[in-house]
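Reading the structure
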Amino acid sequence: TEEGCTHHYDDSSAAKLNCCPANGAPWLNSWTATFDDGSLGAWQTEDETLPIVWYANSAGADGSTGAANFGDPTTGTYNNGDDPASGLLISPPITVPPLTKGTPYAQFDLLLSTEWDVGDPNEFFPQFVVDDLTVAVAVDGYLAGAVQMWESHYLFNTTQGEWIRTRLDLTDYIDQEVQLVFEFDTGDDNKNDYAGPMIDNVGFSTTCLTDNAVQCLYGGDCTPTDDCKVVACSDDFKCVQSPKPTP
C-alpha cells in the first residue's frame, strides 16, 4: 500500500534502494524539534557552569521563532568571566527503525559563532578543545556511555554567520532507542564574547541511496584535497570542497 511503502524498501532501482514515494524514508513515530514555542520541551540539560546554560533562544533558522542556544540568556554570549563554560543538551529518546537497507540519520540546523569567526583557520589545532561542539549518541538512557558521532572541527568551529544543515549517521544504532547528546565546551576563559551554538530543526530520516552513492553524512566524513580547502557534505550526500576562508 502507499502507506506501507512510505516506510519500507524495495530493490527496483539499481541506483537506490527505492523508498517510495520519494528518495527518503520518514521514520514511524518520529519527531522534529523546532523550539518555536519558546521552550526546550522534553529536552534535558546538564548545565555545568551557571549562568551559562542551554536555553530556548527566540531566533531560529530560516527566520523561525526558536532554537536551542548555549550561553547566558541575559548577555547573549557564553562568556563566563574567569572560568571556562560547558554543558549538555540531551534529546528525548527515539527508536531507530529496524531497517535492513538504507542509511538512517539524525539531522539538525546549526549556527555556530565563536572566536573562530575571526580567527585564522591555519591556527586551528583540533587536538586542543577551544569552543568545540560535539554530538554523541546514548543508548537506552545510558548517557555516561554516549559515543561521539559528530564534531565541529571540520567547520573550524564556526559557521561564519550562516545556518547550515548537517547530519550524523545512525547506522550503528538500528533497532535501538537512542538520545542525541549535544555538548559545547569552551575549553578556556578567553575570547568568549560570542553567541555560541544554536541548534534548530532536529529531526530524523533515512537515505535510500546505496552505500556506494553516499560519500558522506556530514563534512567530517570528507577529507580536504589540500590545506587550502574546507569540506562540506551536500544535500545529496556528496563531499564538496571550497576555498578556506581567510581572516
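Look up a bit, the structure's there.
Residue positions within a chain follow its written sequence, with the count starting from 1. In view of the model being predicted, local features appear only for residues whose pLDDT reaches at least 70, and side-chain atom pairs are presented and counted only at 80 or more, with totals across whole chains, interfaces and linings using the full set of residues. Calculated side-chain values reflect all of the structure's heavy atoms, with hydrogen atoms and water omitted.

So, the packing of aromatic side chains
Only Phe, Tyr and Trp rings are paired, with Trp represented by its six-membered ring, and only when their centres lie within 6.5 Å; those with planes under 30 degrees apart are stacked, over 60 edge-to-face, the remainder tilted. In the structure shown here, the tally under the stated rule is 15 aromatic pairs. The interplanar angle of 65° and the centroid separation of 5.8 Å between the aromatic rings of Y105 and F237 together place this pair among those described as edge-to-face. Here Y105 is found in strand β6 (residues 103-113), whereas its partner F237 is found in the loop between β12 (229-233) and β13 (239-243), with 132 residues between them in sequence. Each residue gets one of three labels from its accessible area relative to the maximum for its type: buried under 20%, exposed over 50%, partly exposed in between, using a 1.4 Å probe on protein chains only. For F237, a relative accessible area of 6% corresponds to the buried category. Between F108 and F182 the ring centres are 5.1 Å apart and the planes differ by 85°, which places this aromatic pair in the edge-to-face class. Note that F108 is positioned in strand β6 and F182 in strand β10 (residues 177-185), a separation of 74 residues in sequence. Per residue, the accessibility class of F108 equals that of F182, and both read buried. In this analysis the charged atom, NZ for Lys or CZ for Arg, is taken to sit over a ring once it is within 6 Å of the ring centre and within 35 degrees of the ring normal. Note that R167 overlies the ring of Y105, its terminal NZ or CZ placed 5.9 Å from the centroid. Helix and strand assignments follow DSSP, with helices taken as H or I runs no shorter than four residues and strands as E runs no shorter than two, numbered in order from the N terminus.

Considerations on the layout of surface pockets
A pocket here means an open set of points on a 1 Å grid, computed over the protein atoms alone, that has protein on both sides within 12 Å along at least five of seven lines. A cavity is instead a set of points where a 1.4 Å probe fits but cannot get out; residues with an atom within 4 Å of a point line either one. Grid points are joined across faces, edges and corners, and a volume is the space filled by probe spheres set on the points. A volume near 420 Å³ is recorded for the largest pocket. Lining the largest pocket are 27 residues, with L155, T158, T159, Q160 and V230 positioned closest to its centre. Every element with two or more residues in the lining of the largest pocket is listed here: β9 (164-169), β12 and β13. Ranked by the residues each element gives to the lining of the largest pocket, the list is headed by β12, at four residues. Under the grouping applied here, Gly and all other residues not named as nonpolar or charged are polar, the nonpolar ones being Ala, Val, Leu, Ile, Met, Phe, Trp, Tyr, Cys and Pro and the charged ones Asp, Glu, Lys and Arg. In terms of residue class, the lining of the largest pocket is built from 16 nonpolar, eight polar and three charged.

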